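Overview (structure and organization)
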Amino acid sequence: LVRGSAMSLYDWRIFGTKTFVGFDNFIEALTQPLFWKSLQNTLYYAALSLTFGFATPIFLALLLSEVPRFKITYRILFYLPALTSGLVIMFLWKDLFFDASPGGLLNRIIGSLGLPPQTWLQDPRLAMACIILPGVWAGAGPGSIIYLAALRTVPEEIYEAAEMDGASTFQKITQITLAYLKPLILINFIGAFIGTFQATQNIIVMTMGGPENATHTLSLEIWSNAFLYLKFGYATAMAWIMGSMLIGFTLYQLRIFQRVQFTASGSA
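Residues numbered from 1 in each chain as written. Predicted model: local features only at pLDDT ≥ 70, side-chain atom pairs only at ≥ 80, totals over all residues. Heavy atoms only, no water.

Topic: the side chain of Thr215
Note that Thr215 resides in the loop between α10 (201-206) and α11 (218-227). Given a relative accessible area of 0%, Thr215 falls into the buried group. (Helix = DSSP H or I, 4+ residues; strand = E, 2+ residues; numbered from the N terminus. Buried < 20%, exposed > 50% of the residue type's maximum accessible area, 1.4 Å probe, protein only.)

Listed below in structure tokens is the structure:
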């Protein structure tokens, strides 16, 4: 962190003289339209990823906990994507599902419904959602296993008492299940939120920030300036701007943790 702080104040070069520029790197970043476009895309990416990617494992865990038969089989099937490299999954979806030709898998599916073929990753309106979808598909299973383990900490007596009081299924989920899962949800939310700001690999593989900078996020802008243009001082300044935002969010979440009570049942 100290080295990064110093680097952000220099025109940093791998070889040759390193020139002190003060806060010029920060000023340049904050006055670049691409920086603000990248920040906007990052917030949009985070919103989509957290809306679908964060809630899906919880919903899947609730469904798997109610499956009467073959519970282990279903858990194994949903966990299988975790055994595959994330890079392989991205290429699989890019070349098979998001093929823009009429023979692409998704285009054939929507074609059977009478809908016109889409260009998917080449469409600025759909590209961001297409990048997020493979991650949701691959991460839902492993995430649900964690929540399934947490569901075992909820005492059955509470559910029985709620049923005797006439509580509906929705009320039991919202008032009992989610209440017991709240600490785990908050912990995972912090990690997921920070992860969305640092997502780079999937964007490089799928679109490299295109089309028309529709998927050019802040982490990709930092990576590009550092390792493509060798502007390490400028990239580090942007990294500090992003890091300040994440530090502020994390401190806010830690304040919430102070009011959370962690519990576990004796049988678990």
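Moving on from the coordinates now.
Some points on the pattern of salt bridges
Applying the stated criterion to the full structure yields 4 salt bridges. Taking the shortest distance from any N to any O, the salt bridge between Lys231 and Glu28 comes out at 3.8 Å. Placement of the pair is Lys231 in the loop between α11 and α12 (232-257) and Glu28 in helix α2 (residues 24-30), with a sequence separation of 203 residues. We classify Lys231 as partly exposed; its relative accessible area is 33%. Take Glu28: its relative accessible area is 30%, and that puts it in the partly exposed class. (Salt bridge = Lys/Arg side-chain N within 4 Å of Asp/Glu carboxyl O.)

Structural notes on a nonpolar patch on the surface
The grouping of Phe70, Ile72, Tyr74, Ile76, Leu77, Phe78, Tyr79, Leu80 and Leu83 at the surface amounts to a nonpolar patch, some 910 Å² of accessible area in total. Within the element layout of this structure, Ile76 appears in helix α4 (residues 71-79). (Patch = residues over 30% accessible without salt bridge, like charges linked within 9 Å, V, L, I, M, F, W, Y side chains within 5 Å. Areas by Shrake-Rupley, 256 points an atom, 1.4 Å probe, with all protein chains shown as cover.)

Structural notes on the side chain of Thr200
Structurally, the position occupied by Thr200 is in the loop between α9 (169-197) and α10. Exposure remark for Thr200: the relative accessible area of 16% places this residue in the buried category. Not counting residues within four places of it along the chain, the set of residues in contact with Thr200 comprises Ser219, Leu220 and Trp223. (Contact = heavy atoms within 4.5 Å.)

Comments concerning α9
Over its 29 residues, α9 extends only 36 Å from the first C-alpha to the last, a length that falls short of the 42 Å expected when each residue adds 1.5 Å. At Lys182, α9 shows its largest kink, close to 55°, and the proline Pro183 lies no more than four residues downstream. Among the residues of α9, those classed as buried are Lys172, Ile176, Thr177, Leu181, Pro183, Ile185, Leu186, Ile190, Phe193, Thr196 and Phe197. (Expected span 1.5 Å × (residues − 1). Bend = angle between axes of the 7 residues up to and from the residue.)

Notes on the environment of Ser224
By secondary structure assignment, the location of Ser224 is in helix α11. Since its relative accessible area comes to 7%, Ser224 is described here as buried. Residues Ser224 and Gln198 lie 26 residues apart in sequence; the distance between their C-alpha atoms is 13 Å. Residue contacts for Ser224: discarding those within four places in its chain leaves His216 and Tyr229.

As for the environment of Ser219
Turning to its location among the elements, Ser219 is positioned in helix α11. On the accessibility criterion, Ser219 (8% relative accessible area) is buried. Each C-alpha atom, one on Ser219 and one on Ala239, is 7.9 Å from the other, the two residues being 20 residues apart in sequence. In this structure, Ser219 is in contact with Phe197, Gln198, Ala199 and Thr200, ignoring residues within four places of it in sequence. Within the structure, the side chain of Ser219 is placed 3.2 Å from the side chain of Thr200, a separation counted as a polar contact. (Polar contact = N/O pair within 3.5 Å; in protein donor to acceptor, adjacent residues only side chain to side chain.)

Remarks on the packing of helix α7 (residues 127-151) against α9
Running from N to C, α7 and α9 point in directions that differ by 140°, and their axes come no closer than 10 Å. The orientation of α7 relative to α9 falls into the category oblique. In this structure, α7 meets α9 at a crossing whose hand is right-handed. Here α7 contributes Ile146, Tyr147, Ala150 and Leu151 to the contact with α9, which in turn contributes Thr177, Leu181, Leu184, Ile185 and Asn188. Along the lines of polarity and charge, the residues of the contact of α7 with α9 split into 7 nonpolar, 2 polar and no charged. (Axes fitted to C-alpha atoms, helices over the stretch in contact; angles between N-to-C directions. Parallel < 35°, antiparallel > 145°, perpendicular 65-115°, else oblique. Left-handed = near helix turned anticlockwise from the far one by under 90°. Nonpolar A, V, L, I, M, F, W, Y, C, P; charged D, E, K, R; others polar.)

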